[in-house]
Amino acid sequence: MKKILVIVLFLISNLFAYTEYFDNQSTQNIKWQDIIDLKKINPNLTPQGVAVYGDLLITTNIDKKTNRTYMMVFDENFTLKNALLMPSDATHTSDLEVYGNVIYALDYDSNYVYLFDAKDILYDKNLNLINKVQTNLSYSGSACISKINNREYYVISRFLRSNELYFIPLAILKNSSHIINSDINFKLKVDYFIQGLYCHDDMLYVTLNRHGKDLIKIYNLHYFDNKIKLKQVSSLNSPTDMIEDIVIKDGFIITSGEDKNENIYYKGRINNVN
């Protein structure tokens, strides 16, 4: 992502449950494979969000020449099948999540979450907008959807802004036009700068920027005593020095890199991932 370094980091109120867990873990080196080279589609495209819908891989990619974002749909062989233009104010859609038949697209520039109908994404000519929600969280860079204690949460991180995660009840996004401070039920802190998030069962996968050498960290999400806590269980090498969003498909972790104008999506298999 093209991010502007924030010199002064401001503090968010600590009214919400907040815990951090860091365990020292050695980094597992996994073998990465190239699956999509955006330069072969359009040399102006920069990879951002990635999500899975059935057999389909859905991505968002910024056209650096026009400053517009495209949602692109690939089949199980990673062949491009459809490309749809995002709304004009979604110029940096850095995260994608699919839950049920709804696509949640988080835009870093506008700080909106866009909800789209996914059912006919393979054939639609235009995106079918369900709702548009202002997060009121500047630098909203990545998100995931997690079910904790039988409640669904949309989890947002803010790039370069205190590295905190904000847990917002998913129902709010379906029924509101904006998020207010009291809608945030929990917040957590992790190390480094968060680039991408993916929630899978009780696990949280995080792509982290470490100023030139990114990592993927895997955390276990705990809920007890009315608090959410994190425990790191693994650390993985990254395919390149600037990775973005992350998802799991068919036992593979999929992420994207824009280091040195590579603009490539990668996949890599690790044990015990479904």
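A brief report on the enclosed structure follows. The model shown is predicted, which means the values in this text are computed figures rather than measured ones. (Residues numbered from 1 in each chain as written. Predicted model: local features only at pLDDT ≥ 70, side-chain atom pairs only at ≥ 80, totals over all residues. Heavy atoms only, no water.)

## A word on the overall build of the chain
Secondary structure summary: the chain contains one helix and 21 strands in total. Split into buried and exposed, the 274 residues of the chain put 59% on the buried side. The contacts in the chain between residues at least 6 apart in sequence include a share of 53% that link residues at least 24 apart. (Helix = DSSP H or I, 4+ residues; strand = E, 2+ residues; numbered from the N terminus. Buried < 20%, exposed > 50% of the residue type's maximum accessible area, 1.4 Å probe, protein only. Contact = heavy atoms within 4.5 Å.)

## Observations concerning the pattern of salt bridges
Under the counting rule described, the total for this entry stands at five salt bridges. In this structure, K132 and D89 form a salt bridge, with 2.7 Å as the shortest nitrogen-oxygen distance. Within this pair, whereas K132 is found in strand β10 (residues 129-134), its partner D89 is found in the loop between β6 (80-85) and β7 (93-99), the two being separated by 43 residues in sequence. (Salt bridge = Lys/Arg side-chain N within 4 Å of Asp/Glu carboxyl O.)

## Regarding unusual backbone geometry
The residue N67 is not glycine, and still its phi comes out positive at about 60 degrees. Topologically, N67 is positioned in the loop between β4 (56-63) and β5 (68-74). Look at N67 and you get partly exposed, because its relative accessible area is 45%. Here the phi dihedral of N149 falls at roughly 55 degrees; this positive angle occurs in a residue that is not glycine. One can find N149 in the loop between β11 (140-148) and β12 (151-158).

## Looking at the pairing of β5
Extensive coverage of β5 is indicated by the burial of five of its seven residues. With seven bridges joining them, β4 and β5 adopt antiparallel strand pairing. Opposite T59, over in β5, you have M72 as the bridge partner. Taken together, β4 and the strand that follows it, β5, pair antiparallel across an intervening segment of four residues, in which N67 is found at a positive phi of about 60 degrees. Judged from the five bridges that link them, β5 and β6 form a sheet pairing that is antiparallel. (Pairing = 2+ DSSP bridges.)

## A short note on the pairing of strand β18 (residues 227-237)
In terms of burial, β18 is a largely internal element, eight of the 11 residues being buried. Pairing of strand β1 (residues 27-28) with β18 involves two bridges; the strand directions are parallel. For T27, the partnering residue across the bridge sits in β18 and is S235. Of the pairings in the sheet, the one linking strand β17 (residues 215-224) to β18 comprises 10 bridges and is antiparallel in character. Bridged to I218 within β18 is S234.

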